[in-house]
There are 4 protein chains.
Amino acid sequence: MISFESDYTEGCIPEILTALNKTNTEQTTGYGLDPHCDNARKLIRKACNAENADVQFLVGGTQANTTVIAAVLKPYQGVLTAVSGHINVHETGAIEATGHKCLALPTDDGKISAKQIENAILAHRNDETYEHIVEPGMIYISWPTETGTLYSKKELTAISRVARKYHVPLFVDGARMGYGLAARNNDLTLADFAKLTDVFYIGGTKVGALFGEAVVIPNKNIAANFRYMIKQKGGMLAKGRLLGIQFEELFKNDRYFKISQNAMEYAEKIADALQEKGYEFRYAPETNQLFPIMTMAKITELRKKFAFHVMEPLDEDHAVIRFVTSWLTKKENVDKLIKAL
Amino acid sequence: MISFESDYTEGCIPEILTALNKTNTEQTTGYGLDPHCDNARKLIRKACNAENADVQFLVGGTQANTTVIAAVLKPYQGVLTAVSGHINVHETGAIEATGHKCLALPTDDGKISAKQIENAILAHRNDETYEHIVEPGMIYISWPTETGTLYSKKELTAISRVARKYHVPLFVDGARMGYGLAARNNDLTLADFAKLTDVFYIGGTKVGALFGEAVVIPNKNIAANFRYMIKQKGGMLAKGRLLGIQFEELFKNDRYFKISQNAMEYAEKIADALQEKGYEFRYAPETNQLFPIMTMAKITELRKKFAFHVMEPLDEDHAVIRFVTSWLTKKENVDKLIKAL
Amino acid sequence: MISFESDYTEGCIPEILTALNKTNTEQTTGYGLDPHCDNARKLIRKACNAENADVQFLVGGTQANTTVIAAVLKPYQGVLTAVSGHINVHETGAIEATGHKCLALPTDDGKISAKQIENAILAHRNDETYEHIVEPGMIYISWPTETGTLYSKKELTAISRVARKYHVPLFVDGARMGYGLAARNNDLTLADFAKLTDVFYIGGTKVGALFGEAVVIPNKNIAANFRYMIKQKGGMLAKGRLLGIQFEELFKNDRYFKISQNAMEYAEKIADALQEKGYEFRYAPETNQLFPIMTMAKITELRKKFAFHVMEPLDEDHAVIRFVTSWLTKKENVDKLIKAL
Amino acid sequence: MISFESDYTEGCIPEILTALNKTNTEQTTGYGLDPHCDNARKLIRKACNAENADVQFLVGGTQANTTVIAAVLKPYQGVLTAVSGHINVHETGAIEATGHKCLALPTDDGKISAKQIENAILAHRNDETYEHIVEPGMIYISWPTETGTLYSKKELTAISRVARKYHVPLFVDGARMGYGLAARNNDLTLADFAKLTDVFYIGGTKVGALFGEAVVIPNKNIAANFRYMIKQKGGMLAKGRLLGIQFEELFKNDRYFKISQNAMEYAEKIADALQEKGYEFRYAPETNQLFPIMTMAKITELRKKFAFHVMEPLDEDHAVIRFVTSWLTKKENVDKLIKAL
């Protein structure tokens, strides 16, 4: 059985294992205050062209989202998000458990527009009963989105402008950021994110690490006292250097970008094959998650050899499925899949 | 510089690194539902003689404490703990952040007694204004405690009886459980904990793993729906197998017990030397954390060669310090320390 | 200026003021444990034909909603509600502030159907990633709804069946219950609510009292320990008898029903006049809140003499407005309004 | 039976009932935005000599404490309080339910000192592991305290200096403020509180009103957006004018001060009689709550004619009891009590 189920089915790039072995008996301070974390911070700041940004390392995505959002919002504020946003759908109410409402905006493709965001902020401000309504206190977007789509530089710039105009911080969930950066049509860089957002994270879990997300915080107000929140929310790893070591390896020699290209090369190959063979897509194929529509017969046939998610039934005969490639996807498996399509 | 600062300054036992290497390209399901986690569950259930207990794996101690306690308490309940309990002192209010009060009981040695606990429960029940007072809804103890002491089997049994008499679940934080089990005067086993408590955890982070705590849940009511809480509190590791693999290695061939003996052998050697040389202890030296009292001059002298924590000044000339040994403590370093004392 | 703005613009029925005067120097125990509260409980139980239901008195609607919902939900559960539900829109995130998500269902008329509720419950249960998704743990409906509409006995019975089939408690927000009960097309009674729901409340604030909501709890599990929650959420009035005295007066001689009829008589008169004059309604005129559509010119004209809310612009020339009648609405003012339409 | 149980056993001053009658059919806006609230604000600002302070009205003490503290603290902060503080003991964990720890300081008389507070703040700042420890983010004191004692102007000024030195806001719970102001040895005024604190409240519930606490907020940062918190915490009374009307009456013609003198006159008379007859006090008799020590025989005898609380057993033969006088305490009842002592 060949799996295209997700981008977290395997371990990590071999360089990380080598580094873990090499550093195993070093004695270091805990909680992310060790030299490996410091070095990783430097590498990331450099990659982001953001000398003054704070960088903190967390273990996973839900933890990162919850810690960041809870650190920023005041008790009567909520976070604007696409209705399909990971925080709104797939985190068992983690945001609400910290006391805050997800203010969900409608979307067809996983993205929300600067206009939608501005309207939501104004709708609150202009309502006579505004004190009775949750105030939008942060903007959350995923890049790539949960449905594999990407905001362009123009779109992100427009959102950033709204964020700054109304003093509502912008947060980008980059759990799959590597794949977005390596995508054919992408025109954004890490430096753009550092310039346009208040806080964002660079996903390791899904892009070559065993685990770990690097939270980059250009906004000084959010950086202050952020480590209290990490500890309180259970995210302060005792052997914090494990995160430092992994991000050191990922950001040496542009590895993070190179391994992401592997995923995108094969995703694009599969997408091209699907298009050629006449399959339609539920969402535009932009990154390493592909959402073609298939007949149930075809799905049953493919499932004999391949593991993948069936996302959503469309009618009695058709469903949306998902193929995911990763930094470790192999050519031979991609070839087999294309042949079987 | 030789460090006796903590038991999480190094990496992990080599068998874990070997296993991570060996399994690195395996494709598995995420979130702790993979074969490695299942196998680790079996090994732990067997070690605890608790066939029906649920076992779940979390990344760290604060996360484990918060998730367990938040899963059990009703909104108007709090958790009984020694005033020195980790949850009451060193987790940045993580329990309160889930809405619950730490009901702190006084202690001199890090332990609380069955009688204290019973009195606290009765004080609430007998108060006319009980509806205005937080109800004790769980008992939290650490074993070993934060000050290195141990409850005996008799003491734990007495607490367990109170817990059952009043239907207030008993939870044991076993972040350093291995060292307690290997201690000279210990008369408790994992099977005892499985029999006497409602939920407890076996610490990996401080006992040979890179990270990870195995939460054992003999009480079915707590086990039900516990995984929702893990996800909500940010503790559900995407590549959950990393926890399974580590606990597989720790519980193969009684490794968990053997590596703990290393720490205890050296802790006892240092404790004996300290006693011989006439040092007094702030807390009885029972496990791998030792709390001798030293003059400031001696502390200054020792700090030239050794790293350790100064815990608490006693007067202008004396302070309590802490030496910690671990599964990786080396004979030569212990000999050097004893020589320097 | 004559106000049709809301049903809480004035004080209370004169009998309440008389009773407050008469009882002013009585000495009673606090916190709702006095003879007046006990007597009001009896009157309400009788009116609900629910001898065994618990009855507790709270000061206002947001407090009642928050206290009830927080008392029932487990930490990983949320509450199903129409997207237009008061808890989802107009309570500044009070439910989320207690840690729980509002699971909003679409609606056109303020109501949700048994089928929608069942589908939401099943969608969660049937999802492979259900542990990553908030579990529906309670059903919240308003009766009358925020848009003035009513569930019929048939509709409520169907919802109740789903609630019991899936063990998801049903909660009815009855802030304006009196007006619903007095409505022309209503076929439900207080006894029906006591039979079909797990908990509901009978609004006093908007129906003749100075303040106060009577929470009726037929479900024993919810009643147990509910008073702890009242205290914690700040709802336990020191001079609790003030609530007892008010509900004693409201439920003597069927006053609650009679005063509601006044509102409904005039609401129906205005609704009939609107219809006759060709105005369309945004929501069907069923209770004491009417939502006709008017031209901006007409709105401007009416506002010279009458106070009312403009709810929602429809296009450049039209908007939805709201007229509200109450237990104190006067015939002469209704006649003036009808004349002006 | 004559009650000295508490100061909330009766209704309110007759002027409030008269005003409720007189205003009953007025039509006003809801939520505290009406002319009565505005007028009461003016009267209170004047009484406090604090033209620029914000004034908001809440229904009760637990609500006031919770709303104020939750509005001020950041998620990782807690509130410093005497261990005997109302928020720490008698509010069913309301503060913790908003996510914050009560940082309890020891006390013998219900008071905490500027030195204790400063030490607690410094202990946190100077701890190497400060990020693992809840930060003191607010100072809560009660005036009078729960045990009837008073801070002097010198003591309050010292606390205020610490608060400002370390930027930790100072909050005074004045549920019984009237009685403190009227106490024989008091040297503080409302103007002092407005000058020395960041936020405090003037209790109505226990001092002449049916219910209601006037929160005075000299600190602009706390005032901003405070009304969102009131709504979220369920404290925004629909017919907010009821609070305005009550505080209008209390602050007309210095009534609040005059009615408090009644309580203090009788409290001091009883205290003097107790002292004369040789009774000892558990806490110094400074305000309207008296805590004499009595034999069980005497308690049994007194209870035949008088209602009062037995607070705390001292030994088999003695207990601390509490007598409370109020704005409505009558001379004849005081004379009877003194005769019976």
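Residues numbered from 1 in each chain as written. Chains lettered and ligands numbered in written order. Predicted model: local features only at pLDDT ≥ 70, side-chain atom pairs only at ≥ 80, totals over all residues.

A. Summary view of the overall build of chain A. Scanning chain A for helices and strands turns up 15 helices and 13 strands. Projected onto its principal axes, the C-alpha positions of chain A cover 60 × 55 × 35 Å. For chain A, buried positions account for 59% of its 341 residues. Considering only residue pairs separated by 6 or more positions, chain A has 75% of its internal contacts joining residues 24 or more positions apart. (Helix = DSSP H or I, 4+ residues; strand = E, 2+ residues; numbered from the N terminus. Buried ≥ 20, exposed ≤ 12 C-beta atoms within 10 Å, placed from the backbone. Contact = placed C-beta atoms within 7 Å.)

B. Fine view of the relation of the copies chain A and chain C. When chain A is fitted to chain C, the best match, at an RMSD of 0.0 Å, comes from turning it 180° and sliding it 0.0 Å along the axis. Such a turn and shift between the copies fits a two-fold axis. Looking at chain A, 100% of its interface residues are interface residues in chain C too, so the copies touch through the same face. (Least-squares fit on C-alpha atoms with pLDDT ≥ 70 in both.)

C. Structural detail: the nonpolar core. Counting 453 residues, the largest nonpolar core has A:Val216, B:Val216, C:Val216 and D:Val216 as its most contacted members. Those residues in contact with D:Val216 that lie beyond four places of it in its chain are D:Ile44, D:Cys48, D:Ala50, D:Ala53, D:Val55, D:Ala194, D:Phe200, D:Tyr201 and D:Ile202. (Core = buried A, V, L, I, M, F, W, Y, C linked by C-beta atoms within 7 Å.)

D. Structural detail: the interface of chain A and chain C. The interface of chain A with chain C comprises 18 residues on the first partner and 18 residues on the second. Split by residue class, the side of chain A that touches chain C holds 6 nonpolar, 8 polar and 4 charged. (Nonpolar A, V, L, I, M, F, W, Y, C, P; charged D, E, K, R; others polar.)

E. Spotlight on the sheet that holds strand S5 (residues 135-142) of chain A. Residue and element names in this part refer to chain A. Strand order in this open sheet of 7 strands is S2-S8-S7-S6-S5-S3-S4, and the pairing throughout is mixed. Two strands in the sheet have a free side with no partner beyond their single neighbour: strand S2 (54-58) and strand S4 (102-105). This sheet shows a mean twist of 25° between the axes of neighbouring strands, independent of strand direction. Where strand S3 (residues 77-82) meets S4, 4 bridges bridge the pair, whose relative direction is parallel. By the bridge assignment for S4, Ala 82 is matched with Leu 105. Sheet strands in contact with helix H6 (residues 114-126) are S3, S4 and S5, and its direction is about 165° off that of S5. (Pairing = 2+ DSSP bridges. Axes fitted to C-alpha atoms, helices over the stretch in contact; angles between N-to-C directions.)

F. View of the pairing of S5(A). Residue and element names in this part refer to chain A. The element S5 is largely enclosed, with a buried count of 8 among its 8 residues. In this structure, S5 lies alongside strand S6 (residues 170-173), joined through 4 bridges in parallel fashion. Bridging across to S6, Ile 141 finds its partner in Val 172. Running through helix H7 (residues 153-165), the crossover from S5 to the neighbouring parallel element S6 is right-handed. (Right-handed = clockwise from strand over helix to strand, strands pointing away.)

G. Fine view of the packing of helix H1 (residues 14-23) of chain D against helix H12 (residues 241-251) of chain D. All names here are of chain D. The N-to-C vectors of H1 and H12 enclose an angle of 135°; their axes lie 9 Å apart at closest approach. By the criterion of interaxial angle, the relationship of H1 to H12 is oblique. Two packed elements cross with a definite hand, and for H1 against H12 that hand is right-handed. The residues of H12 that touch H1, namely those facing Glu 15, Ile 16, Ala 19, Leu 20 and Thr 23, are Ile 245, Gln 246, Glu 248 and Glu 249. (Parallel < 35°, antiparallel > 145°, perpendicular 65-115°, else oblique. Left-handed = near helix turned anticlockwise from the far one by under 90°.)

H. The arrangement of the environment of A:Ala224 in detail. Residue and element names in this part refer to chain A. Assignment of secondary structure puts Ala 224 in the loop between helix H10 (220-223) and helix H11 (226-232). Residue Ala 224 is classed as exposed on the basis of its 12 C-beta neighbours within 10 Å. As for Ala 224 and Asp 198, which are separated by 26 residues in sequence, their C-alpha atoms are 13 Å apart.

I. Focus on the sheet that holds strand S7 (residues 199-203) of chain B. All names here are of chain B. Spatial ordering of the open sheet is given by S2-S8-S7-S6-S5-S3-S4, a layout of 7 strands whose pairing is mixed. In this open sheet, the two strands that pair with only one neighbour each are strand S2 (54-58) and strand S4 (102-105). Strand-to-strand twist in this sheet, taken as the mean axis angle between neighbours without regard to direction, amounts to 25°. The strands touched by helix H2 (residues 35-47) within the sheet are S2, S7 and strand S8 (213-217), with S2 carrying the most contacts at an inclination of about 120°.

J. Looking closely at the interface of chain B and chain A. On the chain A side, the residues contacting the 41 residues of chain B number 40 residues. For the side of chain B that touches chain A, the residue count by class is 14 nonpolar, 21 polar and 6 charged.

K. Expanded view of H12(D). The element H12(D) is largely enclosed, with a buried count of 11 among its 11 residues. Just past H12(D), the residue D:Asn253 takes up positive phi, approximately 55°.

L. Summary view of the domain arrangement of chain A. Residues and elements named next belong to chain A. You can read the domains of chain A as domain 1 (2-7 + 260-340) and domain 2 (14-255). When each unit is reduced to the centre of its C-alpha atoms, the spacing between domain 1 and domain 2 is 28 Å. Each side of the interface is counted separately: domain 1 has 16 residues, and domain 2 has 19 residues. For the side of domain 1 that touches domain 2, the secondary structure elements donating two or more residues are helix H13 (255-276) and strand S9 (289-290). Tallying contributions element by element places H13 first for the side of domain 1 that touches domain 2, with 5 residues. (Domains from an automatic or database assignment.)

M. Structural detail: unusual backbone geometry. Residues and elements named next belong to chain C. Here Trp 143 and Pro 144 are connected by a cis peptide whose omega angle stands at -5°. With respect to the element layout, Pro 144 can be found in the loop between strand S5 (135-142) and helix H7 (153-165). Despite not being glycine, Asn 49 shows a phi value in the positive range, around 50°.

N. Looking closely at the environment of A:Ile13. Summarising the element assignment, A:Ile13 is placed in the loop between strand S1 (2-3) and helix H1 (14-23). Distance from A:Ile13 to A:Val83, taken between C-alpha atoms, is 34 Å for residues 70 residues apart in sequence.

O. View of the confidence of the model for chain A. The predicted model of chain A has a mean per-residue pLDDT of 97, with 100% of residues at 70 or higher. Reported for the predicted complex are a pTM of 0.97 and an ipTM of 0.96. (pLDDT = per-residue confidence, 0-100.)

P. Expanded view of the environment of A:Ala70. Structurally, A:Ala70 is set in helix H3 (residues 61-72). Judged by the 22 C-beta atoms lying within 10 Å of it, A:Ala70 falls in the buried class. Each C-alpha atom of the pair A:Ala70 and A:Gly99 lies 8.2 Å from the other, and the pair is 29 residues apart in sequence. Beyond its immediate sequence surroundings of up to four residues, A:Ala70 is in contact with A:Thr98, A:Met229, A:Lys233 and D:Pro75.

Q. Expanded view of the pairing of strand S8 (residues 213-217) of chain D. Residue and element names in this part refer to chain D. Counting buried positions over the 5 residues of S8 gives 5, a clear majority of the element. Residues Glu 213, Val 215 and Ile 217 line one face of S8 and the alternating positions Ala 214 and Val 216 line the opposite face, and both faces are buried. Bridge analysis of strand S7 (residues 199-203) against S8 gives 4 bridges, and the strand direction is antiparallel. What sits directly across from Tyr 201, in S8, is Val 215.

R. How the structure looks around the packing of helix H6 (residues 114-126) of chain B against helix H7 (residues 153-165) of chain B. All names here are of chain B. Between H6 and H7, whose axes approach to 8 Å, the crossing angle comes to 15°. It follows from the interaxial angle that H6 and H7 lie roughly parallel. Where H6 crosses over H7, the handedness of that crossing is right-handed. Along its contact with H6, which presents Ala 114, Ile 117 and Glu 118, the element H7 presents Ala 158, Ile 159, Arg 161 and Val 162. In the contact of H6 with H7, the residues fall into 5 nonpolar, no polar and 2 charged.

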